[in-house]
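Below are the chains, spelled out letter by letter.
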Amino acid sequence: MVNLFTTTVGILRRLINLLIALASVLLFAVWLTIRDLYYCIANLFLPRRHVGSVVPFDHPGHGGVWPQFQAPIQATDSRSPCPALNALANHDILPRSGKHISYKQLSHAIQHAYNLAPSFADQLTASAYQLDQGRGWIDLQDLSALNVIQHDASFTRTFLIRISRAGHKFLSHASNGKSLSLDDVVYFSGLRRAECRRTNGQYSMTWSFLHQFFGSGNNALIYSIFGGDVTDLRVWLAEERFPDQWEPKNREARGHTILQAMSTTLIIELNINEWQKLRSENTVSNEAREL
Ligand code: HEM
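Values in this document were obtained by computation on a predicted structure and should not be read as measured data.

A. Broad picture of the overall build of the protein chain. Helix and strand counts for the protein chain stand at 10 helices and two strands. The order of helices and strands in the protein chain, counted from the N terminus, is α-α-β-α-α-β-α-α-α-α-α-α. For the protein chain, with 291 residues in total, the buried portion stands at 33%. Long-range pairs, those at least 24 residues apart, make up 71% of the contacts in the protein chain with a sequence separation of at least 6.

Next up, the structure:
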């Protein structure tokens, strides 16, 4: 029977559930931070990994030798909007089917293939928890849920469109022709956000700081893990394949940490300006000429 007592019990039960959820998120964050600080300090004192041994010898990709690439079977294989995870599945480091992947498997795979600190690998993996409906595993396709962690003004989706339309236009914009500098990444993020605002009536990033930050986080990874190298990125982004002999450019002994990633992300995010002065190749008249 519904009365004041049952209503009060209902309120208390929900409050307790909320407190438990908040406490576990807080504990997880504190635990990650402590571990990450440990890896940051260790990186300060330990020598960087040698070129050729960035991926440990007992893991796929050591010495730039990756397991056989195989493009996914569209009808059956599950793939995500994330090139990093798709490449791992295409090389059989994650299951080729892209299905039934546990968090441990996910964290372990990204940690070694991209030389991430275990704390950072766990943090990235945790972003998928909200999508699994309590199963404890995901299919890569689950990551496509827009605006949970997928966001507007994507760097690579515009890249893919441009690859087919104007032939490698985006990557050819690296100022030195070889690698995207931090300035280039910031510039293109601003350009992309401004384009999205103009062309997409439902553009949703304006008020969504978290999604903007997530987008800059991905761009920071492109910069740190690939050194912005356009030749490697062309293969990785367009084919979701590791280039032959590729290994992460970041060579920290204990892997790239959350603190490092946060710092690069903040530098990118805080410098993005949607109203920036356009480079000559992006002015309206030049864009029209190229199409
Ligand atoms: C388990 C860990 C990871 C999860 C759950 C994850 C998830 C995602 C998702 C959902 C997107 C789509 C964002 C969008 O286009 O709207 C994405 C994009 C991306 N991810 Fe991951 N990712 C993970 C690990 C990584 C790692 C280790 C790297 C770097 C080596 C990486 C690099 C990228 C890049 C460059 C993009 C494209 C960003 C863009 O198009 O703007 N991700 N990721």
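Continuing now.
B. Geometry of the UniProt feature "transmembrane region" (unreviewed entry) in the protein chain. Here the UniProt feature "transmembrane region" (unreviewed entry) sits at residues 15-34. What you have in residues 15-34 is 100% helix and 0% strand, and the ends, taken at the C-alpha atoms, are 28 Å apart.

C. Here's a closer look at helix H2 (residues 83-90). Extensive coverage of H2 is indicated by the burial of seven of its eight residues. Regarding H2, the residues found buried are Pro83, Leu85, Asn86, Ala87, Leu88, Ala89 and Asn90. Phi for aspartate 92, located one or two positions after H2, is positive at around 65 degrees.

D. Representation of the nonpolar core. Grouped together as the largest cluster of nonpolar side chains are 49 residues, with contacts concentrated most on Leu88, Leu94, Ala109, Ile110, Ala113, Phe120 and Leu233. Contributing elements (two or more residues each) for this core: H2, helix H3 (103-113), helix H4 (118-126), helix H6 (182-199), helix H7 (209-226), helix H8 (230-239) and helix H9 (258-271). The greatest single-element share of this core, amounting to six residues, is contributed by H7.

E. The arrangement of the packing of H7 against H9 in detail. It is at 8 Å that the axes of H7 and H9 come closest, and there the two elements cross at 115 degrees. Between H7 and H9, the angle falls in the class roughly perpendicular. The hand of the H7/H9 crossing is right-handed. Note on element contacts: H9 touches H7 through Ala261, Thr264, Thr265, Ile268 and Glu269, opposite Gln212, Phe213, Ser216, Gly217, Asn219, Ala220, Leu221, Tyr223 and Ser224. In terms of residue class, the contact of H7 with H9 is made up of six nonpolar, seven polar and one charged.

F. A look at unusual backbone geometry. In this structure, aspartate 92 is a non-glycine residue whose phi angle is positive, near 65 degrees. In this fold, aspartate 92 is placed in the loop between H2 and strand S1 (101-102). Despite not being glycine, glutamine 245 has its phi angle at roughly 70 degrees, a positive value. Residue classification places glutamine 245 among the exposed positions, given that 11 C-beta atoms sit within 10 Å.

G. Spatial organisation of the packing of H6 against H9. Between H6 and H9, the least distance of the axes is 9 Å, while the angle of their chain directions is 50 degrees. Taken together, the axis directions place H6 and H9 in an arrangement best described as oblique. Between H6 and H9 lies a crossing of right-handed hand. Across from Leu182, Val185, Val186 and Ser189 in H6, the residues of H9 making contact are Ile267, Ile268 and Asn271.

H. Local environment of H3. What H3 keeps buried is the set Leu106, Ala109, Ile110, Gln111, His112 and Ala113. Looking at the residues trailing H3, positive phi occurs at asparagine 115, about 45 degrees.

I. Looking closely at the environment of proline 47. Summarising the element assignment, proline 47 is placed in the loop between helix H1 (4-45) and H2. Residues proline 47 and arginine 251 lie 204 residues apart in sequence; the distance between their C-alpha atoms is 9.1 Å.

J. Structural view of the confidence of the model for the protein chain. Across the protein chain, the average pLDDT comes to 87, with 85% of residues at 70 or higher. Of the regions scoring below 50 in pLDDT, residues 157-168 engages in 13 contacts with residues more than four places distant in sequence or in other chains.

Criteria and thresholds
Residues numbered from 1 in each chain as written. Predicted model: local features only at pLDDT ≥ 70, side-chain atom pairs only at ≥ 80, totals over all residues. Helix = DSSP H or I, 4+ residues; strand = E, 2+ residues; numbered from the N terminus. Buried ≥ 20, exposed ≤ 12 C-beta atoms within 10 Å, placed from the backbone. Contact = placed C-beta atoms within 7 Å. UniProt positions renumbered as here; feature names shortened; annotations may be inferred. Core = buried A, V, L, I, M, F, W, Y, C linked by C-beta atoms within 7 Å. Axes fitted to C-alpha atoms, helices over the stretch in contact; angles between N-to-C directions. Parallel < 35°, antiparallel > 145°, perpendicular 65-115°, else oblique. Left-handed = near helix turned anticlockwise from the far one by under 90°. Nonpolar A, V, L, I, M, F, W, Y, C, P; charged D, E, K, R; others polar. pLDDT = per-residue confidence, 0-100.

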